[in-house]
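One-letter residues, chain by chain:
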Amino acid sequence: MNSLYMPKDSLIHSLDPRTKMIFVAFVVASSFIMNDPALQLLLLVALFPLVVIAKLVKPYLISIQFLLLFAVLIMTVHGIYNPIGVTPVFEIFGGLTFKYESMVYASVMSFRILVIGTGAVLFVMTTHPSDMASALVKWKVPHSFAFILLSTFQIIPIIAREAKIVMEAQQARCLDVKGNIIQRVKNLVPMFAPLFIITFMKVHQLSYVLECRAFSRKGNKTSLRETNIGSLDYSFLLGMLAVLVFEIYLKLFMMGSLQLTTDALLTYSLIGTWVVCGFMLIKFLFKRVQGKVGGVN
Amino acid sequence: MAEQAIEVTNLTFEYPDTEEPVLKDISFSIDYGEILGIIGPTGAGKSTLAMCVNGLVPQVINGEMEGDIKVKGMNVHESNVAAMSEHVGFVFQEPENQLSQMTIEEEIAFGMGNLGVPREEMLGRIKDALSQVSLEGFEERSPLALSGGQQQRLAIAAVLAMRPTIMIMDEPTSMLDPKGKNEVYDVLKNLKAYGMTGIIIDHEVERIAAYCDKVLVLDGGEVQMFGTTEEVFTKIDRLHELTLHAPQVTEFLSQYNQQFDGKLDLATTVKKAVEVYESANK
Ligand SMILES: Nc1ncnc2c1ncn2[C@@H]1O[C@H](COP(=O)(O)OP(=O)(O)OP(=O)(O)O)[C@@H](O)[C@H]1O
Ligand SMILES: [Mg+2]
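These figures come from a predicted structure and were not determined experimentally.

1. A word on the sheet that holds strand β10 (residues 222–228) of chain B
Residue and element names in this part refer to chain B. An order of β6-β7-β8-β3-β9-β10 is seen for the six strands of this open sheet, with the pairing classed as mixed. With partners counted over all chains shown, the strands left at the sheet margins are β6 (88–91) and β10, one partner each. Looking at each pair of strands side by side, their axes are set apart by 15° on average, direction ignored. By the bridge criterion, six bridges tie strand β9 (residues 214–219) to β10 in an arrangement that is antiparallel. Considered in β10, the bridge of Val215 is made with Gly227. Packed onto the sheet, helix α7 (residues 178–193) meets β3 (35–39), β7 (166–170) and β8 (197–201) and runs at close to 160° relative to β7.

So, in structure tokens, the structure goes:
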């Protein structure tokens, strides 16, 4: 596996990368326009069908778990300690109270992370990096910039492999890479110094190779991969525009009369993230224990 | 003299951080369709010389250079590496450092794309290049998911697709096992069939003797010997002085002559040696 790209046969995959880049921008914009927890939750739910269409439910859920961890942290810490809160909502042990204003603030922030994360995951997992590069070139982004972006995807597996080699080499020199946490952190230095140097040298050599492949040649360049904006892209773009207009309308004229954010919603979403996180934790611990038990046998 | 494929005259080169020149007053030329083998001990300056031919030295890798290099009648100084790459392909030693794309097909298309080859033509050329290095059917794979020998052949294919007239390979097989080496040399043989001019640097004199038309021996930055494969490899004493050796069969015939006072001609390939030996024993 070279990148996060998941080759699948879906409508989202066949969209032009440029459309999808606009889509990411649209999601970011939406998450800022709708700065209300309930609306953001709505946005998040609305994005989910797209994940289903892209046939990425499982990888999406796996990658979103990590963002959820952030969400829980933000919601809990801000909910209790953020000084903007005045109205208490509910109390947990030890006199720690969640306050309405700070919970709104925290929810907006963490839902925004989830919404933008979903958009980004949708983009990255459905777009071949080379397509993205050639689409960028069509947008008159300099060729070398597109290449940098592309080779970043490519260099990750190379670094990973070098890291393994360096680790094995250092282990052979009696470096303890499997010790306790402190020991391991200390050992990062003898790991990363050679890794950095090796990567640097590789990139250096690659620059000669690129030069020999006419990379800096002036004149127009061509690409093997073709990306075209078709009717599907136009309908998708129109759809986004419509939603955007609706969001702005909602924001400007309806906010006064519409009050979706209630104490209950905030509390439930907080507890909801706790539950999901707790579940993840249990799963993780379970695997750990299982690994240990399995290791003994 | 008619225009030569590569013409080097009085080339002297010095890296910024070396005390004395790495290349000293080097002159040689090769004609179209010839394959030149460069041999010499490590540090002799072989790679540096090869990189001078396509302009990588001194344009990208800095240093002080004197003398003239003409490739297909063009002065390399007056051009740049990217422009030269249309005429001169360069294959490096490490296979994986030469690969930068996500799939094999794109790897091969990369150089062509930079040259502005239209997409329709690319597809044909990719097919050609892959069949030249016998990697057909691998188009969609990642270059990283290949063995070393396959990666090196891919690097060669990527250069071939740019359709250069001259191909330079700097120790293309030193990272490979015997099978990988054979694979690369078979490609080299094909190049000859395509009428391409080539320079190959290698330590294996047997293979150089079998595949090259001319040999250049470099030591201490100076041309010690230059001539046809026969000329160079039959001067065994001179090679030994330079701590190099001739192909095993040549060494054998020479030893035989010495020990048994034989008068065998020195041959450089197994096939020729058998003929020589056979006719002498009649
Ligand atoms: N970038 C550089 N900067 C300074 N000196 C260099 C550089 N590259 C090579 N040299 C020096 O130039 C000399 C010739 O190097 P070169 O790589 O051309 O040798 P080589 O014949 O290719 O050796 P090998 O068979 O090991 O590849 C060596 O002494 C080397 O130390
Ligand atoms: Mg070398």
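2. Considering the packing of aromatic side chains
As enumerated under the stated definition, the model contains 16 aromatic pairs over all chains in all. Pairing Phe90(B) with Phe92(B) gives two aromatic rings, centres 4.7 Å apart and planes at 40°, and the pair type is tilted. Since its relative accessible area comes to 2%, Phe90(B) is described here as buried. Taken together through their ring pairs, the aromatic side chains of Phe252(B), Tyr256(B), Phe260(B) and Tyr277(B) make up a single cluster. Sitting over the ring of Phe32(A), Arg112(A) keeps its end group 4.0 Å from the ring centre.

3. Let's talk about the confidence of the model for chain B
Averaged over every residue, the pLDDT of chain B is 91; residues scoring 70 or more account for 100%. The ipTM assigned to the predicted complex is 0.87, against a pTM of 0.80.

4. Details of the domain arrangement of chain A
Interface extent is often summarised as the accessible area lost during association of the parts. Here chain A is described as being made up of domain 1 (1–128 + 231–297) and domain 2 (152–224). The distance between the C-alpha centroids of domain 1 of chain A and domain 2 of chain A comes to 33 Å.

5. Examining the UniProt feature "domain: ABC transporter" (unreviewed entry) in chain B
Annotation from UniProt places "domain: ABC transporter" (unreviewed entry) at residues 6–245 of chain B. Between the C-alpha atoms that bound residues 6–245 of chain B the distance is 27 Å, and the span itself is 37% helix and 25% strand.

About the thresholds
Residues numbered from 1 in each chain as written. Chains lettered and ligands numbered in written order. Predicted model: local features only at pLDDT ≥ 70, side-chain atom pairs only at ≥ 80, totals over all residues. Heavy atoms only, no water. Pairing = 2+ DSSP bridges. Helix = DSSP H or I, 4+ residues; strand = E, 2+ residues; numbered from the N terminus. Axes fitted to C-alpha atoms, helices over the stretch in contact; angles between N-to-C directions. Contact = heavy atoms within 4.5 Å. Phe/Tyr/Trp six-rings, centres within 6.5 Å; stacked < 30°, edge-to-face > 60°. Buried < 20%, exposed > 50% of the residue type's maximum accessible area, 1.4 Å probe, protein only. Lys NZ or Arg CZ within 6 Å of the ring centre and 35° of its normal. pLDDT = per-residue confidence, 0-100. Domains from an automatic or database assignment. UniProt positions renumbered as here; feature names shortened; annotations may be inferred.

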